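# Observations on chain architecture
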Amino acid sequence: MNRAYGTVSIIGAGPGDPELITVKALRRIQQADVIMYDRLVNDELLTYARPDAQRLFCGKAPGLHHMNQATINRMLLSYAVAGHTVVRLKGGDPLVFGRGAEEALFLAEHHIPYEIVPGITSAIGTAASASIPLTHRGVATSFACITVCRANPAIEPATIEAVSSVPSISPAPVRWDLLAHSVDTLAIYMGVSQLDEICSQLILCGKPSVTPVALIENGTTEAERIVTGTLADITQIATAAHISNPAMIIIGEVVHIREQLIQMKHQAHQMIG
């Protein structure tokens, strides 16, 4: 290890609420010379950085990349080689659809010291904020985290290959036929624009059309909105409510637990007065 090199901390910022970041992650932000942060990171977290720390936005929105992955990798390498303490700040958890492992592989290949600081992934954080348990005794014993946002080589060709020998991997199709029957709760990231197709595929694969669905927009934040329905009608409900990204889709019987909790909370308020 070259001790002249700086270090890179690949950090999960959590699902949106800045208070949900870990103590370790917050310390790394406070110590950083350079912070490279993504689109879904709460701006409040940047206020904990040193006044002289460099802040670089490198976020990505569907179909619009402010900075592609190859550029991000090169910048991480450049700052670390220059001896800087770097924080790579990502929404949720860096290893759950966050490309954190790609960046870790790139850094390791170039002998750059790095660490991974986990965060609360959006599926867990937003579901809890919406009073939806991903598992519940007698209802659900399993859940799956799924993304329908697939890497498109035509849009960002060989993002790591350009600066690394790590091979690119073609995305496999989502196996809705297996997910429809083998997992109790589905937590789907980045799927609002394909909601109708998701519901149609699950119904086509034999999942009951009355299966409850919840959409959680801007989960864990003050702007949080939640709509519920079924596979048969959630697309119309979401369209009428103008639900947009970032939003988490939760599919499964556990959505009914939220309804029970809301009803019991309402009854408690009536009793208390």
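Residues numbered from 1 in each chain as written. Predicted model: local features only at pLDDT ≥ 70, side-chain atom pairs only at ≥ 80, totals over all residues. Heavy atoms only, no water.

## Topic: the pattern of salt bridges
The criterion, for reference: One speaks of a salt bridge when a side-chain nitrogen belonging to Lys or Arg is within 4 Å of a carboxyl oxygen belonging to Asp or Glu. Strands are runs of DSSP state E lasting at least 2 residues, helices are runs of H or I lasting at least 4, and numbering of each runs from the N terminus. Only protein chains enter the accessibility calculation, which uses a 1.4 Å probe; a residue whose area is less than 20% of its type maximum is buried, one above 50% is exposed, and one in between is partly exposed.
Counted by the stated rule, this structure contains 10 salt bridges. Asp-52 is paired through a salt bridge with Arg-50; the nearest N and O atoms lie 2.9 Å apart. Of the charged contacts, one joins Glu-103 and Lys-90 as a salt bridge, the two residues approaching to 3.2 Å between their closest N and O atoms. Of this pair, Glu-103 sits in helix α3 (residues 100–109) while Lys-90 sits in strand β6 (residues 86–90), placing them 13 residues apart in sequence. The burial state of Glu-103 is the same as that of Lys-90; both residues are buried. Salt bridges linked by common partners bring Asp-38, Arg-88, Lys-90 and Glu-103 together as one network.

## Side note on the sheet that holds strand β3 (residues 54–57)
Hydrogen bonds between backbone groups are what pair the strands of a sheet, and the pairing can be parallel or antiparallel. For clarity, the cut-off: By the convention used here, strands pair only if DSSP detects at least 2 bridges between them. Orientation is described by axes fitted as lines to C-alpha atoms, over the contacting stretch for helices, and by angles from 0 to 180 degrees between their N-to-C directions.
The five strands are arranged β3-β2-β6-β1-β7 in an open sheet whose pairing can be described as parallel. Strand pairing shows two members of the sheet lacking a second neighbour, β3 and β7 (114–117), which therefore form its edges. Taking each pair of neighbouring strands and ignoring which way they run, the sheet shows an average axis angle of 15°. Direction of pairing for strand β2 (residues 34–37) relative to β3: parallel, over a ladder of four bridges. Within β3, the residue paired with Met-36 across the bridge is Leu-56.

## As for the sheet that holds strand β8 (residues 143–147)
Within the open sheet, the five strands sit side by side as β8-β9-β12-β10-β11. Their pairing is mixed. The open sheet is flanked by β8 and β11 (225–230), the only strands paired with a single partner. Each strand axis lies, on average, 20° off the axis of its neighbour in the sheet, ignoring direction. Relative to β11, strand β10 (residues 212–217) is paired through six bridges, and the arrangement is antiparallel. Paired with Ile-216 across the two strands is Ile-226, which belongs to β11.

## With respect to the side chain of Asp-93
Cut-off, in case you're wondering: Only four residue types enter the charge count: Lys and Arg as positive, Asp and Glu as negative, with His and the chain ends excluded. Contact between two residues is taken to exist if any of their heavy atoms lie within 4.5 Å; hydrogens are not considered.
Mapped onto the elements, Asp-93 comes out in the loop between β6 and α3. There is no salt bridge for the buried Asp-93, and the closest opposite charge comes from Lys-90, which lies 10.0 Å off by N-O distance. Once residues lying within four places of it in the same chain are set aside, the contact partners of Asp-93 are Gly-12, Pro-118, Gly-119, Ile-120 and Thr-121.

## Brief notes about the nonpolar core
Soluble, globular proteins show a tendency: their nonpolar side chains are buried together. Note the following rule: Here, the term nonpolar core denotes a set of buried Ala, Val, Leu, Ile, Met, Phe, Trp, Tyr and Cys residues that are joined through side-chain atoms within 4.5 Å.
Leu-186, Ile-188, Leu-215 and Ile-251 are the most contacted members of the largest nonpolar core, which totals 25 residues. Contributing elements (two or more residues each) for this core: β8, α5 (176–182), β9 (185–189), α6 (195–204), β10, α7 (234–241) and β12 (247–251). At four residues, α6 tops the list of elements feeding residues into this core. Core analysis: the next-biggest nonpolar cluster, separate from the first, contains 18 residues, Met-36, Leu-56, Met-75 and Leu-77 among them.

Worth remembering: the numbers are spatial, not functional.
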